[in-house]
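Results of the structural survey
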Amino acid sequence: MDNAKLILGDQEYEFPVIKGSEDEVGIDFTKLRSRTGAISFDPGYGNTGACTSEITYIDGENGILRYRGYPIEQIAESASFVEVCYLLIYGHLPDEKELTNFQNQLTRHTLIHEDMKKFFEGYPPATHPMAIMSAMLVSLSAFYPESDDPDIINLNIIRLLAKAKTLAAFAYKKSIGQPYIYPRNDLSYTGDFLHMMFAVPPEPYHVSPVLEKALNLLLILHADHEQNCSTSTVRMVGSSQANLFASIGAGVCALWGPLHGGANQAVIDMLEMIRKDGGDYKKYMGLAKDKESGFRLMGFGHRVYKNFDPRATILKETAKSVLNELGVHDPLLEIAQELENIALSDDYFVQRNLYPNVDFYSGIIYRAMGIPTNMFTVIFALGRLPGWIAQWKEMREDPSTRINRPRQIYTGATARDYVPVQKR
Ligand code: CMC
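Sequence order as written defines the numbering, with residues in each chain counted from 1. Where local features are concerned, this predicted model is filtered to residues with pLDDT of at least 70; where side-chain atom pairs are given and counted, the filter is 80 or more; whole-chain, interface and lining totals use all residues. Think of the side-chain values as coming from all heavy atoms in the structure, minus any hydrogens and water.

1. What about the site of the ligand?
Nearness is defined per residue: one heavy atom within 4 Å of the molecule or strand is enough. Every one of the 21 residues lining the ligand counts as a neighbour, but H260, R296, L297, F300 and R303 are closest to it. For the purposes of these results, a polar contact is taken to be a pair of N or O atoms within 3.5 Å, where, inside protein, one atom must be able to donate a hydrogen and its partner to accept one; residues adjacent in sequence count only when each atom of the pair is a side-chain atom. Here an oxygen atom of the ligand sits 2.7 Å away from a polar atom, N or O, in the side chain of R303. Contact with the protein chains removes 76% of the 940 Å² of surface that the ligand exposes when unbound. In the scheme used here, Gly and all other residues not listed as nonpolar or charged are polar, with Ala, Val, Leu, Ile, Met, Phe, Trp, Tyr, Cys and Pro taken as nonpolar and Asp, Glu, Lys and Arg as charged. Considered class by class, the residues forming the shell around the ligand number 10 nonpolar, six polar and five charged. Reported accessibility uses the Shrake-Rupley method at a 1.4 Å probe radius. Residues are deemed covered only where the shown protein chains occlude them.

Listed below in structure tokens is the structure:
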């Protein structure tokens with residue numbers, strides 16, 4: 001199958017077919033408009049391949065997710081988040097020397113410029129940390145200007161990964177009015193973030209290995225997910241040759257929405273609402289099926305996964321074990337399990353292939369860890385950083401990249417003459 005035939009009017013056209021390494025098939029329509037005058041129409045881009053990529057493979061029908069070929073289950077079981085960052089960004093698993101060097105670099109670049117602290121002061125206390133996070137990431141470009149020099153680009157990648165967790169923790173401290181906690185070089189990536197979030201001077205803070213391990217897993221499971229809304233935004237913005245910090249800041253904004261990364265916060269808000277309403281989850285199942293209600297079961301459904309989300313499978317088990325290890329009893333976990341049980345056997349959900357996604361159980365783990373609800377999506381962003389960076393880098397290094405510029409089918413008024421206001 002080398003070509004695809006298209007009949008338009010009385011003309012027949014042939015278009016090349018491209019195949020991925022997992023036999024995914026795409027019809028190459030790059031010359032569609034110049035040859036036929038027509039465009040492809042695909043709102044929501046559910047059938048449109050915007051690039052080729054070597055980073056992440058998803059088979060939504062079979063619940064498969066692989067980073068650079070490695071199954072998510074194996075990575076989640078054994079790798080560290082820093083190792084996964086290296087894998088996604090540089091394309092191979094680091095050897096011992098590479099990992100030590102990378103880890104040292106990430107440790108040495110965690111401080112933010114002292115002047116940036118003034119930015120935090122200007123925000124009202126109730127500001128959502130995602131607003132602060134996106135603005136701060138873009139602001140890094142003021143301190144670390146862009147360059148075409150690959151070494152500087154790489155240094156900016158390190159800076160971004162290292163400083164993002166400091167910025168995230170400062171955003172949280174700002175929201176609760178506590179002093180900022182500076183990074184510590186003796187802690188792991190995740191341990192340092194927990195320390196900056198939860199240390200309250202003068203009390204000493206000891207990083208709990210249970211929290212450190214849970215956060216490592218959560219960040220890994222969020223690390224990349226090919227051409228989703230925020231990653232496509234990063235590529236879209238980056239395609240105009242906007243700098244790394246600006247492109248990633250745009251990705252954070254895209255992630256914020258409740259249909260994307262904001263879903264983890266929305267799930268907890270929903271479960272909380274059900275609990276306060278007497279735990280009547282059947283009523284909310286009914287509402288989710290009623291299109292008029294405007295209510296959706298948050299944490300359910302996915303554009304790509306049509307069988308199960310392998311990340312959700314891992315997180316469901318993790319939620320139980322983390323709550324167990326921390327000795328936390330959360331009534332929301334029970335409501336979540338009841339909702340899942342009903343949905344999995346309900347015709348509406350079965351027919352539409354709606355299964356729990358990564359956000360359904362992650363919020364319950366964050367809650368048990370003591371992370372406030374409005375920080376959930378910030379942590380998703382921290383996890384997704386290496387994926388966004390890898391995708392941005394891949395796009396910038398691909399000589400075939402063109403500025404992203406979709407077309408439209410115009411449905412507005414046809415040409416008409418302007419009428420001066422007195423005569424209207
Ligand atoms: N609850 C109830 N009905 C739903 C839901 C839901 N959560 N999700 C989809 N549907 C229905 C939808 O009404 C439609 O029904 P019909 O065919 O009768 O019109 C059908 O299922 C297909 O839905 P869609 O909106 O066309 O699907 P999509 O691929 O455009 O959207 C989605 C995918 C994830 C945005 C959607 O399933 C949703 O809104 N889920 C809730 C929000 C959520 O959990 N988002 C996190 C996604 S995973 C993390 C990430 O990658 O960001």
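2. Description of empty space enclosed by the protein
A cavity, in this analysis, means grid points on a 1 Å lattice covering only the protein atoms where a 1.4 Å probe fits yet has no way out; a pocket is instead an open set bounded by protein on both sides within 12 Å along at least five of seven lines, and a residue lines either one if it has an atom within 4 Å of a point. Grid points are joined across faces, edges and corners, and a volume is the space filled by probe spheres set on the points. On inspection of all chains with the given rule, the structure shows two cavities of 30 Å³ or more. By volume, the largest cavity amounts to about 70 Å³. Forming the walls of the largest cavity are E146, S147, I153, N156, N243, L244, F245, W392 and R396. Helix and strand assignments follow DSSP, with helices taken as H or I runs no shorter than four residues and strands as E runs no shorter than two, numbered in order from the N terminus. At the level of secondary structure, the elements contributing two or more residues to the lining of the largest cavity comprise α7 (150-176), α11 (244-256) and α18 (376-397). When grouped by side-chain class, the residues that make up the lining of the largest cavity number four nonpolar, three polar and two charged. In this structure, the second largest cavity spans a volume of roughly 30 Å³. Together, G301, H302, Y305, F308, D309, N353, Y355 and P356 line the second largest cavity. When grouped by side-chain class, the residues that make up the lining of the second largest cavity number four nonpolar, three polar and one charged.

3. With respect to unusual backbone geometry
Phi is mostly negative for residues that are not glycine, and the peptide bonds are mostly trans. Residue P202 follows P201 across a cis peptide bond; omega there is 5°. Counting through the fold element by element, P202 comes out in the loop between α8 (189-198) and α9 (209-222). Within the chain, R68 stands out as a residue other than glycine whose phi angle is a positive 50°. Positionally, R68 belongs in the loop between β5 (64-67) and β6 (70-71). Despite not being glycine, Q241 has its phi angle at roughly 70°, a positive value. Structurally, the position occupied by Q241 is in the loop between α10 (229-238) and α11.

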